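# Descriptive analysis of the structure
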Amino acid sequence: MPPHHLQGPSVDEVRGQALAKFALAVAAAGGHRLLLVGPPGSGKSMLAARLPRLLPAPDLHQCIQMTNVLASAKRWPGQIINQRPFRAPHHTASFAGMVGGGPTLAPGEITLAHQGVLFLDELPEFRREVLECLRQPLETGAITISRAGRQATLPARVHLIAAMNPCPCGHFGSTPKRCRCSPHAIRRYQDRISGPLLDRFDLRLQVNSPTLPDLLGPGNNDASTVQGEPTEQALLRGIERSEAVREQRGQKVRNVDLTSQALDRWAPVGTKGLKLLQNATGRSALSGRSIQSLRRVARTLADMEGLDHCGPEHLAQALSLRLDWAEQDRPVMP
Ligand SMILES: Nc1ncnc2c1ncn2[C@@H]1O[C@H](COP(=O)(O)OP(=O)(O)OP(=O)(O)O)[C@@H](O)[C@H]1O
Ligand SMILES: [Mg+2]
Ligand SMILES: [Zn+2]
């Protein structure tokens, strides 16, 4: 089992946000993509910056790949690097800046983030065409760019995490501040994220502003944790447990990469699970991709508990970590 590197700032610096921290750990354990939605200043960017902390240290092969990427970008660091990249391109990023290109077919952000984290902060503010071009590499882990008859295929296996406000003013669905946006404006804002892109986020979470006691409380640096708030150590234990279970069943890939065949074997849906999915499908027309994604997350949740068996309770939990949005006539969140 690869050791965890404890790269970057500690998760314990974020106060409150128990559910978001847990989701961050689930994302790290399974390689799942996470979208955080919430009001300004609630800690979304802070949380995202802590994803590298929970990822396993890269193996030698990955270190070489990451170093090659830097070399091809003419940023050869002079030695093999052993830290996963954390790339947070600004939302004004150009097409070439994101996917790569230009006269030298230079790597873009999605390649510079290879084997590391790509963080898209303020997701709806990105240009639509820039976001849409990420869809394909997210599935294949590689990006093909071309210019003036030349073509290059570059590695682009990234761990995607994104954050956004729920509406233009940022306060929709949260207390105590009230949202000042019209339903139409909220809808239009949320619609900037296309259905197919949204579909690729396995975990979608509402983050609320931390309460005063959360912020000012004793923190969780010792055993006396604030009301069940998971410590970084506890999260890492869950992640390590998941790695052990995965290794035991001889699985080489992360759960996010499980094929349908592997899912049938390791995350079978029983009668109860089927009912759950049927109910959920009735509500929001889950896509085929969504259903497989839910099963992958369910598998990760079971792994984190150290269980071989992946049951309906894990599917239910996976559903609860997936803010529902596609079908609504009204924007998400109450
Ligand atoms: N849960 C928290 N625990 C500790 N500090 C916090 C928390 N939430 C916010 N802060 C403080 O507020 C600052 C802003 O947080 P952050 O940038 O993560 O908010 P955000 O949700 O990304 O906001 P925006 O929607 O404006 O981007 C942090 O740098 C930190 O000082
Ligand atoms: Mg932010
Ligand atoms: Zn608003």
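Not measured: the values here are computed from a predicted model.

## With respect to the overall build of the protein chain
Tallying secondary structure elements over the protein chain gives 16 helices and nine strands in all. A globule of 334 residues ought to have a C-alpha radius of gyration of about 20 Å, and the protein chain, at 20 Å, matches this closely. Overall size of the protein chain, expressed as C-alpha extent along the three principal axes, is 50 × 50 × 45 Å. Accessible surface, the protein chain: about 15500 Å² in total, of which carbon and sulfur atoms supply 53%. Each charge class in the protein chain was averaged separately, 40 positive and 29 negative side chains, and the resulting centres sit 5 Å apart.

## Quick word on the pairing of strand β6 (residues 142–147)
As paired elements, β6 and strand β7 (residues 150–155) share six bridges and run antiparallel to each other. In the sheet register, Ala-142 faces β7, and the bridge partner there is Pro-155.

## A look at the sheet that holds strand β2 (residues 86–87)
By definition, the strands of a sheet pair up through backbone hydrogen bonds, in either a parallel or an antiparallel sense. One open sheet holds the five strands; their spatial order is β2-β5-β8-β1-β9, and the pairing between them is parallel. Because the sheet does not close on itself, it has two edges, and the strands there are β2 and β9 (203–206). Examined bridge by bridge, strand β1 (residues 34–37) and β9 share four bridges and lie parallel to one another. Residue pairing in the sheet places Leu-35 in a bridge with Arg-204 of β9.

## Thoughts on the coordination of the zinc ion (ligand 3)
As a benchmark, a tetrahedral metal site with four donors has ideal angles of 109.5 degrees, while an octahedral site with six donors has ideal angles of 90 or 180 degrees. Every protein donor of the zinc ion (ligand 3) is listed here as Cys-167 (SG), Cys-169 (SG), Cys-179 (SG) and Cys-181 (SG), and their distances to the metal cover 2.2 to 2.5 Å. Taken together, the four donor atoms coordinating the zinc ion (ligand 3) and their angles of 105 to 113 degrees define a geometry best described as tetrahedral. In primary sequence terms, the donor set of the zinc ion (ligand 3) follows C-x1-C-x9-C-x1-C. Here Cys-181 lies in the loop between β8 (159–164) and α9 (183–190) and Cys-169 lies in the loop between β8 and α9, a separation of twelve residues in the sequence. There is no split in this pair, since Cys-169 and Cys-181 are both buried.

## Comments concerning the packing of helix α1 (residues 18–30) against helix α12 (residues 232–248)
α12 packs onto α1 with a crossing angle of 30 degrees between their chain directions and a minimal axis gap of 9 Å. Between α1 and α12, the angle is such that the two are roughly parallel. The chirality of how α1 crosses α12 is right-handed. Residues Lys-21, Phe-22, Ala-25, Ala-28 and Ala-29 of α1 form the contact with α12, whose own contacting residues are Leu-235, Ile-239, Ser-242 and Arg-246. Within the contact of α1 with α12, the residues separate by chemical class into six nonpolar, one polar and two charged.

## Here's the deal with the packing of aromatic side chains
Taken as a whole and judged by the stated rule, the model has one aromatic pair. Taken together, a centroid distance of 6.1 Å and an interplanar angle of 35 degrees make the contact between Phe-86 and Phe-119 tilted. Here Phe-86 is found in strand β2, whereas its partner Phe-119 is found in strand β5 (residues 117–121), with 33 residues between them in sequence. Exposure remark for Phe-119: the relative accessible area of 4% places this residue in the buried category. If you follow Arg-249 out to its NZ or CZ, it ends over the ring of Trp-266, 5.4 Å from the centre.

## Examining the packing of helix α15 (residues 288–304) against helix α16 (residues 312–320)
Here α15 crosses α16 at 115 degrees, and the two axes come no closer than 8 Å. Taken together, the axes of α15 and α16 lie roughly perpendicular to each other. Relative to α16, α15 is oriented so that their crossing is right-handed. Here Leu-294, Arg-295, Val-297, Ala-298, Leu-301 and Ala-302 of α15 lie close against α16, whose contacting residues are His-314, Leu-315, Gln-317, Ala-318 and Leu-319. For the contact of α15 with α16, the residue count by class is eight nonpolar, two polar and one charged.

## Points about the site of ligand 1
Residues in contact with ligand 1 amount to 16 residues; listed here are only the nearest, Arg-15, Gly-41, Lys-44, Ser-45 and Met-46. With respect to ligand 1, the backbone of Ser-42 contributes an N or O atom lying 3.1 Å from an oxygen atom. Interatomic distance of 2.8 Å between a side-chain N/O atom of Ser-45 and an oxygen atom of ligand 1. In isolation ligand 1 has 630 Å² of accessible area, and contact with the protein removes 67% of it. Per element, the largest residue contribution to the shell around ligand 1 is three residues, and it comes from helix α2 (residues 44–48). When its residues are assigned to classes, the shell around ligand 1 shows six nonpolar, six polar and four charged.

## Quick word on the domain arrangement of the protein chain
In many reports, interface size means the accessible area that the parts give up when they come together. When cut into domains, the protein chain gives domain 1 (11–216) and domain 2 (232–320). Its C-alpha centre places domain 1 at a distance of 22 Å from the equivalent point of domain 2. Of the residues lining the interface, 21 residues belong to domain 1; the matching set on domain 2 comes to 21 residues. Taken over both partners, the interface formed by domain 1 and domain 2 buries close to 1900 Å², and the fraction arising from carbon and sulfur atoms is 54%. If you sort the residues of domain 1 by the area they bury against domain 2, Ala-29, His-32 and Asp-199 come out on top, with a joint share of 27%. The closest approach of N and O atoms between Glu-232 and Arg-53, which form a salt bridge, is 3.0 Å. When contributions to the side of domain 1 that touches domain 2 are tallied by element, the ones reaching two or more residues are α1 and α3 (51–54). Broken down by element, the side of domain 1 that touches domain 2 gets its largest block of residues, seven residues, from α1.

Rules used throughout
- Residues numbered from 1 in each chain as written.
- Chains lettered and ligands numbered in written order.
- Predicted model: local features only at pLDDT ≥ 70, side-chain atom pairs only at ≥ 80, totals over all residues.
- Heavy atoms only, no water.
- Helix = DSSP H or I, 4+ residues; strand = E, 2+ residues; numbered from the N terminus.
- Rg over C-alpha atoms; globule rule 2.2 N^0.38 Å.
- Areas by Shrake-Rupley, 256 points an atom, 1.4 Å probe, with all protein chains shown as cover.
- Lys, Arg positive; Asp, Glu negative; His and termini not counted.
- Charge placed at Lys NZ, Arg CZ, Asp CG, Glu CD.
- Pairing = 2+ DSSP bridges.
- Donors = N, O, S within 2.8 Å, 3.2 Å for Na, K, Ca; no water.
- Tetrahedral: all angles 85-135°; square planar, octahedral: opposite > 155°, others 65-115°.
- Buried < 20%, exposed > 50% of the residue type's maximum accessible area, 1.4 Å probe, protein only.
- Axes fitted to C-alpha atoms, helices over the stretch in contact; angles between N-to-C directions.
- Parallel < 35°, antiparallel > 145°, perpendicular 65-115°, else oblique.
- Left-handed = near helix turned anticlockwise from the far one by under 90°.
- Contact = heavy atoms within 4.5 Å.
- Nonpolar A, V, L, I, M, F, W, Y, C, P; charged D, E, K, R; others polar.
- Phe/Tyr/Trp six-rings, centres within 6.5 Å; stacked < 30°, edge-to-face > 60°.
- Lys NZ or Arg CZ within 6 Å of the ring centre and 35° of its normal.
- Near = heavy atom within 4 Å.
- Polar contact = N/O pair within 3.5 Å; in protein donor to acceptor, adjacent residues only side chain to side chain.
- Domains from an automatic or database assignment.
- Buried area = accessible area lost by both parts, 1.4 Å probe.
- Salt bridge = Lys/Arg side-chain N within 4 Å of Asp/Glu carboxyl O.

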